[in-house]
Amino acid sequence: MTASTGGSDATASTGAADAAAAPGWRRLRWPLLGLAVVLALLPATEPLRAAPVKGDNFIDAQTAGILDIEGGECFSDPAYLARAGDVVVLYRSCDDGAYNQSYGFLHVPDGPWNRPALAAFAWAGCERDFQARWGSRDESGLDFYPILPTEETWANGDRDVMCAVHNPEGALGGSKLPLAR
């Protein structure tokens, strides 16, 4: 009988402790539930990221997916894609948060591989085309960069440079190609 009385006393004291804690729990229940919802949503949001420096080595002809992008199409910044097991560039609708848009192609004259000369040719040609379309960087709020062949793609006959426009402040917010006049 002593054991059963001890058990009853333990239950009675636990019930009293729960009753004493209940008012505090009721006050915290909704804030804690709200916090749980916010914490559950955090992994689903895209983390803030620093704006990448978009130069002539940001994307090259060997970046997976870039050769699928055609003139006027928009695309993502390069990012690791687990299902591809590589860093890739993906086509993305210009209205759907794209960060880059192809606006022109330059054909490089044949010759030996010379990266500095290729980069100079690409920057000059893409800048001429950029200025013809948008004027200056300051006027348009846009910037550009060339996408170059690599030494390996050059050896395989690749002589094309893609020119890409981007918004230094983030996503493009739609196609940036000016309408034909």
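Residues numbered from 1 in each chain as written. Predicted model: local features only at pLDDT ≥ 70, side-chain atom pairs only at ≥ 80, totals over all residues. Heavy atoms only, no water.

Backbone-to-backbone hydrogen bonds pair the strands of a sheet. The strands run either parallel or antiparallel. Pairing in this open sheet of four strands is antiparallel, and the strands run β1-β4-β6-β5 from one edge to the other. Each of the sheet's edge strands pairs with one partner strand only, and the pair in question is β1 (74-75) and β5 (143-147). Along the sheet, helix α2 (residues 115-134) contacts β4 (100-107), β5 and β6 (160-166); its crossing angle with β4, the most-contacted strand, is approximately 120°. (Pairing = 2+ DSSP bridges. Helix = DSSP H or I, 4+ residues; strand = E, 2+ residues; numbered from the N terminus. Contact = heavy atoms within 4.5 Å. Axes fitted to C-alpha atoms, helices over the stretch in contact; angles between N-to-C directions.)

Applying the stated criterion across every chain yields a total of seven aromatic pairs. Seen from their ring centres, Tyr103 and Trp134 are 5.1 Å apart, and the 90° between their planes marks the pair as edge-to-face. Separated by 31 residues along the polypeptide, Tyr103 in strand β4 and Trp134 in helix α2 bring together distant segments of the chain. Of the two residues examined, Tyr103 and Trp134, each falls in the buried class. (Phe/Tyr/Trp six-rings, centres within 6.5 Å; stacked < 30°, edge-to-face > 60°. Buried < 20%, exposed > 50% of the residue type's maximum accessible area, 1.4 Å probe, protein only.)

We now examine the confidence of the model for the protein. In the predicted model, the protein carries a mean pLDDT of 83, and 70% of its residues have values of at least 70. For the stretch residues 1-13, pLDDT sits under 50, and the model shows zero contacts to residues farther than four places along the chain or on other chains. (pLDDT = per-residue confidence, 0-100.)

Tyr103, Cys126, Phe130 and Val161 are the most contacted members of the largest nonpolar core, which has 16 residues in total. At the level of secondary structure, the elements contributing two or more residues to this core comprise β4, α2 and β6. The leading source of residues in this core is α2, at six residues. The residues contacting Cys126, other than those within four sequence positions of it, are Tyr103, Leu106, Phe144, Pro146, Val161, Met162 and Cys163. In this structure, Phe58, Ile59, Val89 and Met162 belong to the second largest nonpolar core, which totals 10 residues. (Core = buried A, V, L, I, M, F, W, Y, C linked by side-chain atoms within 4.5 Å.)

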